[in-house]
Amino acid sequence: MRMRKSSIAAISVAAALTLAACSGEDPTTPEESSTGGDSTPTAGAPLTIAKPDGAIATESNNPWVGDSSGLKLGYINAILEPLGHVNTVDPTAEVTPWLAKDISWNDDWTQVTLVPQDGVTWSDGEAFDVEDIAFTFQLFLDYPELDTAAMGLTGVENTGESVVLTFDAPMFVKQDKVLHKLIVPEHVWKDVADPATETFLEPVGTGPYVMDSFSTQSVELTARDDYWGGELAVPTLYYVSYNDNTALTTALATGDADWAQAFIPNVQSAYLDKDPDHNKYWAPAGLAADVMYMNLSEKPFDDVAFRTAVNMVVDRAKHAEIAREGGVPELTSVTGLPTPVGDSYISSDYVGQTYAVDVEGARGVLEDAGYTWDGSDMLVDPDGETVTFELQVPQGWNDYVTGISLIADSVAALGVTATVNTPDVDTWWNDKSIGDFDAILHWTDGGVTPYDMYKSMLSGEWLVPFGEPANNNFGRFDNAEVTAALNDFANAQDDAARQSALDVVEQVFVDEVPVIPVGTRPSIGEYNTRNYVGWPSDEDPYADINPTVAAASLILTRLEQAS
């Protein structure tokens, strides 16, 4: 049962959070900012975790449906927990067992045996056991739409002491996708009619925190005093949704927000210099990118010549310098792989080949494909129609808004009019899911190899018709050769075979331009050490710093009171 604070003080805090966000002001936590004043750590201070998404219209704590409030704000990762933690920022690190105390893969990675952790209880007092693990994974067999990672699960066997999961292909490249699945209580979910639409409004979890209150701008979680993982340093979590990146940056700089995964323009002066002793910014390199997805079924992006021309005029250096304010490295390889982390995966055909703005070359590609220009130098396609398209990203996502504005400026050199549209987050999320767009700026998945990045953009396993919700491959790229090569990569038993498969993927990626890579996407995070220490960092990269992913439960249990 969700706990509710009955004190007038607590109700006043929640009201202040809501009113501040509704009025466009920055929501604040009960604690005053410590920046610019007394830097003595406050014992028992709450921790405010922030996003720049504006009001969250509807509460849903479904751990698998991508547009649920629990996943968007990330608080579900403090309530529910995974089987184990795979360190996606340090591929050399060992897996940290969590709800499974023992995780054993067979030799070809097609089967894993999971032994449940001892002494774990759900937040309603029920014991956690092997049945809960088996039940959760059986849901992915019974309701394939819940398996947003396309694991290829084929069997779930409950031996009474362990759960054996069997897959149709090796999980070498998907180990994190399996082990990071959040486990739900069988005794709560067994009576749910449709898990895909269940809102889970009274969430029961094994995690370190329980939900205390929800509003459209903020969520309050309280630490469990019976948590199986031990005593928690932080007693209260506030998950706050600010109106935009600017408001979030202000909150982080003043100490009103403590932890976020957000783009901050001029991060040094706007954030780090405000409290150089405590404000921290960590952006470990990763195999992920920001890309422009295009509707590949309609003009103008159904033509590979047009996509190629646009790819040739996008200015990645400007994107890194202006849209990302120098906070991330420039994307340079024509394979879309970030460097140097991706250097060892670049096909020999593309080693040293980098992006460069080439307007004349792009116009030549268009001319050879039958495009012309009218008297106003507007691009006209082979059917005699003027070429225009619309770019969409959510309002308030300042770096993405700037990013698509730069792309619009770039294609103007080709005689193309690109309009910029910035709907609210919920509208954009729906439009990109069902494919109701010309072009959007979006991120790729990331992982310990390029597999996740390329698969999220290109795999036929993600392919659904326009009008139906997609979890990836939003442009609906359909190429059986690429899908087969990605499967070959996943099934390969040695590095040479993996690279051979990757060579096929990279060639199609370069030649057909199914998406347009725009910028690198390291795992970015901001936090402060005024009240709590023990955060991941270059010195101790034990987890992804993003508070909206499964690693959040690991980080929250590692934090300690600052001395």
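For the structure given in this document, a descriptive report is provided here. (Residues numbered from 1 in each chain as written. Predicted model: local features only at pLDDT ≥ 70, side-chain atom pairs only at ≥ 80, totals over all residues. Heavy atoms only, no water.)

**Focus on the nonpolar core**
One finds Phe137, Leu237 and Trp259 to be the most contacted residues of the largest nonpolar core, which totals 72 residues. For this core, the element with the highest residue contribution is helix H4 (residues 130-142), accounting for seven residues. Setting aside chain neighbours within four positions, we find phenylalanine 137 in contact with Leu83, Met151, Leu153, Val156, Leu165, Val178, Lys181 and Ile183. Membership of the second largest hydrophobic core comes to 65 residues, among which are Tyr400, Phe437, Val482 and Val508. (Core = buried A, V, L, I, M, F, W, Y, C linked by side-chain atoms within 4.5 Å. Buried < 20%, exposed > 50% of the residue type's maximum accessible area, 1.4 Å probe, protein only. Helix = DSSP H or I, 4+ residues; strand = E, 2+ residues; numbered from the N terminus. Contact = heavy atoms within 4.5 Å.)

**Brief notes about helix H12 (residues 398-412)**
Between the first and last C-alpha of H12 there are 21 Å, a value that for 15 residues agrees with the 21 Å anticipated at 1.5 Å per step. Listing the buried residues of H12 in full gives Asp399, Tyr400, Gly403, Ile404, Leu406, Ile407, Ala408, Ser410 and Val411. (Expected span 1.5 Å × (residues − 1).)

**Considerations on the sheet that holds strand S17 (residues 417-421)**
Spatially, S17-S16-S18-S13-S19 is the arrangement adopted by the five strands of the open sheet, whose pairing is mixed. The sheet is open, and its two edges are formed by S17 and strand S19 (515-520), each paired on a single side. Across this sheet, the average inter-strand angle for adjacent strands is 25°, counted without regard to direction. Across the sheet, H12 touches strand S13 (289-294), strand S16 (388-392), S17, strand S18 (439-443) and S19, and the angle it forms with S17 is around 170°. (Pairing = 2+ DSSP bridges. Axes fitted to C-alpha atoms, helices over the stretch in contact; angles between N-to-C directions.)

**Let's talk about the packing of aromatic side chains**
A ring pair, where both rings are aromatic, is described by two values, the distance of the centres and the angle of the planes. Enumeration according to the criterion identifies 26 aromatic pairs in this entry. Here the aromatic rings of tyrosine 75 and tyrosine 239 are separated by 6.0 Å at their centres, their planes lie at 65°, and the arrangement is edge-to-face. Of the two residues, tyrosine 75 is situated in the loop between helix H2 (69-73) and helix H3 (76-79) and tyrosine 239 in strand S10 (residues 236-241); the sequence distance between them amounts to 164 residues. An identical accessibility class is assigned to tyrosine 75 and tyrosine 239; each is buried. Clustering of aromatic rings is evident, with ring pairs tying together Trp64, Phe137, Phe140, Trp189 and Phe200. Sitting over the ring of tryptophan 429, lysine 72 keeps its end group 5.3 Å from the ring centre. The side chain of arginine 476 reaches across the aromatic face of phenylalanine 466, ending 4.8 Å from its centre. (Phe/Tyr/Trp six-rings, centres within 6.5 Å; stacked < 30°, edge-to-face > 60°. Lys NZ or Arg CZ within 6 Å of the ring centre and 35° of its normal.)

**Considerations on unusual backbone geometry**
Glycine aside, negative phi is the norm for most residues, and most peptide bonds take the trans geometry. Here the bond from lysine 299 into proline 300 is cis, since omega is -5°, no more than 30 degrees from zero. Residue proline 340 is bonded to the preceding threonine 339 through a cis peptide linkage, with omega at 5°. Not every positive phi belongs to a glycine, and arginine 476 is a case in point at roughly 65°. Summarising the element assignment, arginine 476 is placed in the loop between helix H14 (451-458) and helix H15 (480-491). Using a relative accessible area of 8% as the deciding quantity, one classes arginine 476 as buried. Of note in the backbone geometry, valine 513 takes a positive phi value of approximately 45° without being a glycine. Relative to the helices and strands, valine 513 resides in the loop between helix H16 (495-512) and S19.

**Things to note about the sheet that holds strand S7 (residues 163-167)**
Pairing within the open sheet is antiparallel, and its four strands lie in the order S4-S5-S7-S6. Single-partner strands in this sheet number two, and they are strand S4 (100-105) and strand S6 (153-158). Ignoring strand direction, the axes of neighbouring strands in this sheet form an average angle of 15°. With five bridges connecting them, S6 and S7 associate as antiparallel partners. Directly across from glycine 155, in S7, lies its bridge partner threonine 166. This element, H4, spans strand S5 (111-116), S6 and S7 of the sheet and lies at about 155° to S6.

**Re H16**
Structural remark: α-helix, 3.6 residues per turn; residues separated by three or four positions point the same way. A rise of 1.5 Å per residue sets the reference length of H16, with its 18 residues, at 26 Å; its end C-alpha atoms lie 26 Å apart and thus fit the reference within 8%. Taken as a whole, H16 has its buried residues at Arg498, Gln499, Ala501, Leu502, Val505, Glu506, Val508 and Phe509. Those residues of H16 that are buried are in contact with H14, H15 and S19. Between the side-chain oxygen of the N-cap and the backbone nitrogen of alanine 496 there are 3.1 Å, and the N-cap of H16 in question is aspartate 494. Of the residues flanking the end of H16, it is valine 513, one or two places downstream, whose phi is positive at about 45°. (Polar contact = N/O pair within 3.5 Å; in protein donor to acceptor, adjacent residues only side chain to side chain.)

**Looking at the packing of H14 against H15**
One way to put it is that H14 packs onto H15 with a least axis distance of 11 Å and a crossing angle of 155°. Classed by the angle they form, the pair H14 and H15 counts as roughly antiparallel. Considering how the two elements wind past one another, H14 and H15 form a crossing that is left-handed. The segment H14 lies against H15, with Tyr451, Tyr454, Lys455 and Leu458 engaging Val482, Thr483, Leu486, Phe489 and Ala490. (Parallel < 35°, antiparallel > 145°, perpendicular 65-115°, else oblique. Left-handed = near helix turned anticlockwise from the far one by under 90°.)

**Considering the environment of glycine 396**
Summarising the element assignment, glycine 396 is placed in the loop between S16 and H12. Glycine 396 sits in the buried class, given a relative accessible area of 14%. Through-space distance from the C-alpha of glycine 396 to that of asparagine 243 is 6.6 Å; in sequence the pair is 153 residues apart.

**Concerning the side chain of arginine 307**
Here arginine 307 is to be found in helix H9 (residues 304-313). No salt bridge is formed by the buried arginine 307, whose closest oppositely charged neighbour, glutamate 512, lies at an N-O distance of 5.1 Å. Filtering out sequence-adjacent residues up to four positions away, arginine 307 remains in contact with Met294, Leu296, Phe301, Asp302, Glu512, Val513, Pro514 and Ile516. (Lys, Arg positive; Asp, Glu negative; His and termini not counted. Salt bridge = Lys/Arg side-chain N within 4 Å of Asp/Glu carboxyl O.)

**Focus: the pairing of S19**
Counting buried positions along S19 gives six out of six residues, so the element sits mostly inside the fold. Pairing analysis gives five bridges linking S13 to S19, with the strands arranged antiparallel. Within the sheet, the bridge partner assigned to aspartate 290 lies in S19 and is glycine 519.

**Some thoughts on the environment of asparagine 487**
Note that asparagine 487 resides in helix H15. Through-space distance from the C-alpha of asparagine 487 to that of tyrosine 451 is 9.3 Å; in sequence the pair is 36 residues apart.

**Some remarks on the pattern of salt bridges**
Pairs can form between side chains of opposite charge whenever their charged atoms are close. For the coordinates displayed, the defined rule picks out 16 salt bridges. Residue lysine 181 pairs with aspartate 147 through a salt bridge whose shortest N-O separation is 3.7 Å. Of the two residues, lysine 181 sits in the loop between helix H5 (175-179) and helix H6 (186-189) while aspartate 147 sits in the loop between H4 and S6, which places them 34 residues apart along the sequence. Neither residue differs from the other here; lysine 181 and aspartate 147 are each classed as buried. A salt bridge links arginine 224 to aspartate 226, with the shortest nitrogen-to-oxygen separation between them at 3.0 Å. Judged by its relative accessible area of 39%, aspartate 226 falls in the partly exposed class. A single network of salt bridges, built from pairs that share partners, joins Lys299, Asp381, Asp383 and Glu385.

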